[in-house]
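# Per-entry structural report
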Amino acid sequence: MSTHDQPLWQPSAARLASSHLTAFSHLAQTAFGQPFPDYHSLWQASIDQPGRFWRLVWDYCRVIGDKGETTLQDGDSMLNARFFPEASLNYAENLLRRDDDSTAVVFWGEDRQRQHLSHRQLHALVSRLQQAMQANGVRSGDRVAGFMPNLPETLAAMLAATSLGAVWTSCSPDFGSDGAIDRFGQTTPSLLFCPDGYWYNGKRIAIRDKIEALANGLPSVQKVIVVPYLGEAEQVADGIAKATTLADFLQPFSPQPLRFERVAFNHPLFILYSSGTTGQPKCIVHGHGGTLLQHLKEHQLHADIHHGDRLFYFTTCGWMMWNWLVSGLASGATLLLYDGSPFAAHGRVLWDYAKAEHCSHFGTSAKYLDELRKLPLEPARHYQLAPLRAVFSTGSPLAAESFDWVYQHIKANINLASISGGTDIVSCFALGCANLPVYRGELQCRGLGMAVDVVDEQGRPLRGEKGELICRLSRFRPCRSASGTIRMAANTGRPTSAALPIPVPRRLRRTDRSRRPDHPWPLRCGAQPRRRAYRHGGNLPPG
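On a predicted model such as this, the values are computed, not experimentally measured, just so you know.

So, how was this worked out
- Residues numbered from 1 in each chain as written.
- Predicted model: local features only at pLDDT ≥ 70, side-chain atom pairs only at ≥ 80, totals over all residues.
- Heavy atoms only, no water.
- Helix = DSSP H or I, 4+ residues; strand = E, 2+ residues; numbered from the N terminus.
- Buried < 20%, exposed > 50% of the residue type's maximum accessible area, 1.4 Å probe, protein only.
- Contact = heavy atoms within 4.5 Å.
- Pairing = 2+ DSSP bridges.
- Phe/Tyr/Trp six-rings, centres within 6.5 Å; stacked < 30°, edge-to-face > 60°.
- Right-handed = clockwise from strand over helix to strand, strands pointing away.
- Polar contact = N/O pair within 3.5 Å; in protein donor to acceptor, adjacent residues only side chain to side chain.
- Core = buried A, V, L, I, M, F, W, Y, C linked by side-chain atoms within 4.5 Å.
- pLDDT = per-residue confidence, 0-100.
- Salt bridge = Lys/Arg side-chain N within 4 Å of Asp/Glu carboxyl O.
- Axes fitted to C-alpha atoms, helices over the stretch in contact; angles between N-to-C directions.

## Looking at the overall build of the protein chain
The secondary structure content of the protein chain amounts to 17 helices and 31 strands. Counting over 543 residues, the protein chain shows a buried share of 61%. Considering only contacts within the protein chain whose residues lie at least 6 apart along the sequence, 74% involve residues at least 24 apart.

Set out below in structure tokens:
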């Protein structure tokens, strides 16, 4: 057996015993009435009996809300299938379940700004924003937009909007004004949050002209709220039609107990956007219940995030990983937010952050790890990273050499998880698992509840060859039905039809690991990106 067939990492007995997945597997044995000797057997049950699986996820993750009596309705119909059709819940209520003095959010703006918010302080800010939004006419189903950096205020504005049943949509302020208008113009937001500028690689970036273009180019916007980041909010707001500062927007309101509008499982939560490379960006809507359940499943059963862990992901508010990151509050994690260049402070800033704030889960892109290899920086040698248990990589395939580099130069005892998903499901198809070993150049597993396969051009399963990544819809999943992945009508901003095709982000090879009982179905990333959609049917989770 070659050295490449040896695992780079495998969990200790202590880690296995304490993991969420181990605890969940024990519950599942009772619920399903059968033993689960390994991950693959649990995965198989999750796609064979999706209703029972997702109901158990709801219970294990202690979702706040009423799930109703029915888990899956019309499960044999691709268009009509509905998960939890009688449920009522609110995404923000599940993220804001704590109201104490423990740390909810940490923010670093490169090496220039630092901020800590307790759960109590986050509640207070969300409460004032909630009241201000209501006073400005925001109601359930309305849209609220953020042209924002990854600030605590962005998180709070999203939570305030979604607590009312309004729909949140966001872009990063490094977008051009035309690109933002192409997106927000389809969703007709009534409120728009913008910063007074932002920092990037030590430079102040002014965006007043962009804000003015957005205010003039989005007729649905009734008010533009300018959030201070550079300390110039008043100057930026002055002279822009409909603009006010965040301080003035909140001034009439003091913190009050939060109220949450519980909504149907599929009620719209987020509007995300396709890339726009083949025309105008397409709107993709995700619902309260499906997004919450899918993220809880991935955070707890795959990433093994526990109460008190500290979750970081390098992302902007224009990438679905921002939505994935902030859901970590529902699993009891402290969010480590960052805005700016990942290579600020001579490339040290993210590792300074990880060390100072005791990061337990560090998320980034394969491109970042590749660039990091070129710097004279070795986190394992320069930093004490004792709390760090996992590193996540996505955005593109993680090269086999990068696996080696991470274990040699970041930390030997971590779960390195190369993950693959998409905006279409605001979650993952294949990802990591803290209970499984890590092999060089391979994704660890298919997501629970995800009927993922690799097929040839005729849709036939492949083994040991490159093929197309698909998620079969033969038994259904809560991604369209539960999370509500649906297109929006440009003239109304309302859901109209299902986004049926599932995108394929890259060509993958299903490697032959049948000799490994602990690792029966890994994916190895290929070098040629390719997109293809199959309408086979499937078991996408709520996402």
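Still to come is the rest of the account.
## A word on the sheet that holds strand β22 (residues 420–422)
Read from one edge to the other, the open sheet built from three strands follows the order β22-β23-β25, with strand pairing classed as antiparallel. In this open sheet, the two strands that pair with only one neighbour each are β22 and β25 (445–446). Sheet analysis places strand β23 (residues 427–431) next to β25, joined by two bridges and oriented antiparallel. Bridge assignment links Leu431 to a residue of β25, and that residue is Cys445.

## Description of the packing of aromatic side chains
Enumeration over the complete set of coordinates arrives at 21 aromatic pairs. Ring centres of Phe24 and Tyr60 lie 5.6 Å apart, and the angle between their planes is 85 degrees; this geometry places the pair in the edge-to-face category. With a gap of 36 residues between them, Phe24 in helix α2 (residues 20–32) and Tyr60 in helix α4 (residues 50–60) connect regions that are remote in the sequence. With a centroid separation of 4.3 Å and 15 degrees between ring planes, the pair formed by Trp351 and Phe362 is classed as stacked. In this pair, Trp351 is assigned in helix α14 (residues 349–356) and Phe362 in strand β19 (residues 361–365), connecting sequence segments 11 residues apart. With respect to class, Trp351 is no different from Phe362; both count as buried. What links up through ring pairs into an aromatic cluster is the set Trp108, Phe312, Phe314, Tyr338, Trp351, Tyr353 and Phe362.

## Overview of unusual backbone geometry
Positive phi is not limited to glycine here, since Glu110 has a value of about 50 degrees. Note on placement: Glu110 falls in the loop between β5 (103–109) and β6 (113–118). Among the residues examined, Glu110 registers a relative accessible area of 0% and is labelled buried.

## Concerning the pairing of strand β21 (residues 415–418)
Of the two faces of β21, the one lined by Asn415 and Ala417 and the one lined by Leu416 and Ser418 are each fully buried. Where strand β20 (residues 390–394) meets β21, four bridges bridge the pair, whose relative direction is parallel. Residue pairing in the sheet places Ala390 in a bridge with Asn415 of β21. Where the polypeptide runs from β20 across helix α17 (residues 400–409) and back to β21, its parallel neighbour, the crossover connection is right-handed.

## Comments concerning helix α3 (residues 39–48)
Taken across its 10 residues, α3 has seven buried, putting it largely inside the fold. Along α3, the residues classified as buried are Tyr39, Ser41, Leu42, Trp43, Ala45, Ser46 and Ile47. In the core, the buried residues of α3 are packed alongside α2, α4, α12 (288–302), β25 and β26 (452–455). Among the residues of α3, the N-terminal cap falls to Asp38, whose side-chain oxygen and the backbone nitrogen of His40 are separated by 3.4 Å.

## Quick word on helix α8 (residues 177–187)
Among all positions of α8, only Ser177, Gly179, Ala180, Arg183, Phe184, Gln186 and Thr187 are buried. Among the structural elements, β7 (143–147), β8 (167–171), β9 (191–195), α9 (208–217), β15 (268–273) and β16 (283–287) are those in contact with the buried residues of α8. Positive phi shows up at Thr188, right after α8, with a value of about 45 degrees.

## Considerations on the environment of Leu117
By the element assignment, Leu117 lies in strand β6. Ignoring sequence-local partners within four residues, the contact set of Leu117 consists of Ser102, Thr103, Ala104, Val105, Leu122 and Pro152.

## Quick notes on the pairing of strand β12 (residues 223–227)
Counting buried positions along β12 gives four out of five residues, so the element sits mostly inside the fold. Examined bridge by bridge, β9 and β12 share five bridges and lie parallel to one another. Directly across from Cys194, in β12, lies its bridge partner Val226. By the bridge criterion, three bridges tie β12 to strand β13 (residues 243–245) in an arrangement that is parallel. Looking across to β13, one finds that Val224 is bridged to Ala243.

## Looking at the side chain of Glu357
Of note, Glu357 is situated in the loop between α14 and β19. Dropping the residues within four chain positions of it, Glu357 is found in contact with Val106, Trp108, His116, Arg310 and Leu336.

## Focus on the nonpolar core
Side chains of a nonpolar character, in soluble globular proteins, are inclined to be buried together. Core analysis: the largest hydrophobic core is formed by 122 residues, its most contacted members being Leu122, Leu129, Met133, Leu192 and Phe193. At seven residues, helix α7 (residues 152–163) tops the list of elements feeding residues into this core. The residues touching Leu122, leaving out its near neighbours within four places in the chain, are Leu96, Ala104, Val105, Leu117, Leu155, Ala156, Leu159 and Leu329. By size, the runner-up hydrophobic cluster in this structure holds 33 residues, among which are Trp108, Leu350, Tyr353 and Val391.

## Describing the confidence of the model for the protein chain
Averaged over all residues, the pLDDT of the protein chain is 88; the fraction at 70 or higher stands at 86%. Here residues 474–518 scores under 50 on pLDDT; set against residues more than four positions off or in separate chains, the count is 193 contacts. With pLDDT under 50 throughout, residues 526–543 is counted as low confidence; its partners more than four residues away or in other chains account for 101 contacts.

## Side note on the pattern of salt bridges
Going through the model one piece at a time under the given rule, you end up with 15 salt bridges. As a salt-bridge pair, Arg98 and Asp100 come within 3.4 Å of each other at their nearest N and O atoms. By relative accessible area, Arg98 is classed as partly exposed at 25%. Exposure remark for Asp100: the relative accessible area of 25% places this residue in the partly exposed category.

## Side note on the sheet that holds β6
Here seven strands make up an open sheet; going across it, the order is β6-β5-β18-β17-β19-β20-β21 and the pairing mixed. Looking along the sheet, the strands with just one partner apiece sit at the ends: β6 and β21. Going from strand to strand, the sheet's axes swing by 15 degrees on average, the running direction of each strand aside. Direction of pairing for β5 relative to strand β18 (residues 334–339): parallel, over a ladder of five bridges. Considered in β18, the bridge of Phe107 is made with Leu337.

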